[in-house]
Amino acid sequence: MFMSRRVTQLALLGITLSLTATVANAAPYPKHVEKNLIAVCEAVKSDSRLRLHRAVKATGFKMRYIHEGLVCNGQDMLTFALTHNASKNAQLIARRINASSSVLTAKR
């Protein structure tokens, strides 16, 4: 009797924790943060270093942190810039994330 009660309690605890973790991971970004990150993708595509600098500054994060987590149309920032022929921004991003010069020629 005691053992089955203990198993039931542990099972309920496990289910509760898994549901809590799922809800916590599914929480969307606040609208202003999402808007700023979309602006970063648009700035990368524009090939304007000033626009990119202002967009990154508006997020409050460093470019290195944004590059590690931001996905623009399924690509990281550097690949996205190179795909859209934004060579000035690609060079700036590469410098800021300490990428080697071979990264600029290897990515497509």
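The numbers attached to residues start from 1 for each chain and follow its sequence in the written order. Owing to the predicted nature of the model, reporting of local features is limited to residues with pLDDT of at least 70; listing and counting of side-chain atom pairs is limited to 80 or more, with chain, interface and lining totals taken over all residues. Processing note: side-chain calculations cover all non-hydrogen atoms of the structure and skip hydrogens and water entirely.

Visitor: Break down the layout of surface pockets for me, citing the residues and quoting the values.
Guide: By volume, the largest pocket is sized at about 250 Å³. Every residue along the wall of the largest pocket is listed here: Y29, V33, E34, L37, I38, C41, F61, Y65, I66, G69, L70 and V71. Tallied by class, the residues present in the lining of the largest pocket amount to 10 nonpolar, one polar and one charged. Only protein atoms enter the 1 Å grid, on which a cavity is a set of points fitting a 1.4 Å probe that cannot get out and a pocket is an open set with protein on both sides within 12 Å along at least 5 of 7 lines, lining residues being those with an atom within 4 Å of a point. Grid points are joined across faces, edges and corners, and a volume is the space filled by probe spheres set on the points. Polarity classes work like this: nonpolar for Ala, Val, Leu, Ile, Met, Phe, Trp, Tyr, Cys and Pro, charged for Asp, Glu, Lys and Arg, and polar for all others, with Gly in that last group.

Visitor: Account for the state of the cysteines, naming residues and giving values.
Guide: Count a disulfide wherever a pair of cysteine sulfur atoms falls within 2.5 Å. Across all of its chains, the model carries one disulfide by this definition. Covalently, C41 is tied to C72 through a disulfide, its sulfur atoms 2.0 Å apart. Residues C41 and C72 are joined through a disulfide that is left-handed, its torsion about the S-S bond being -80°. Of this pair, C41 sits in helix α2 (residues 31–46) while C72 sits in the loop between α4 (63–69) and α5 (77–83); the two residues are 31 residues apart in sequence, bridging distant segments of the chain. Every helix listed is a DSSP run of H or I at least four residues long, and every strand listed is a run of E at least two residues long, numbered separately from the N terminus.

Visitor: Can you explain helix α3 (residues 49–59)? Please cite residues and give values.
Guide: Each residue is placed in one exposure class: buried if its accessible area under a 1.4 Å probe, protein chains only, is under 20% of its type's maximum, exposed if it is over 50%, and partly exposed if it falls in between. Along α3, the residues classified as buried are L52, A55, V56 and T59. For α3, the angular spread of the buried residues around the axis is 95°, confining them to a single face. Pointing more than 90 degrees away from the buried face of α3 are the exposed residues R54 and K57. Of the surrounding secondary structure, the elements contacted by the buried residues of α3 are α2, α4 and α6 (87–96). Directions from the helix axis toward the C-beta atoms define the arc. It only takes one pair of heavy atoms within 4.5 Å for two residues to be counted as in contact.

By themselves, these figures tell us nothing about what the structure is for.
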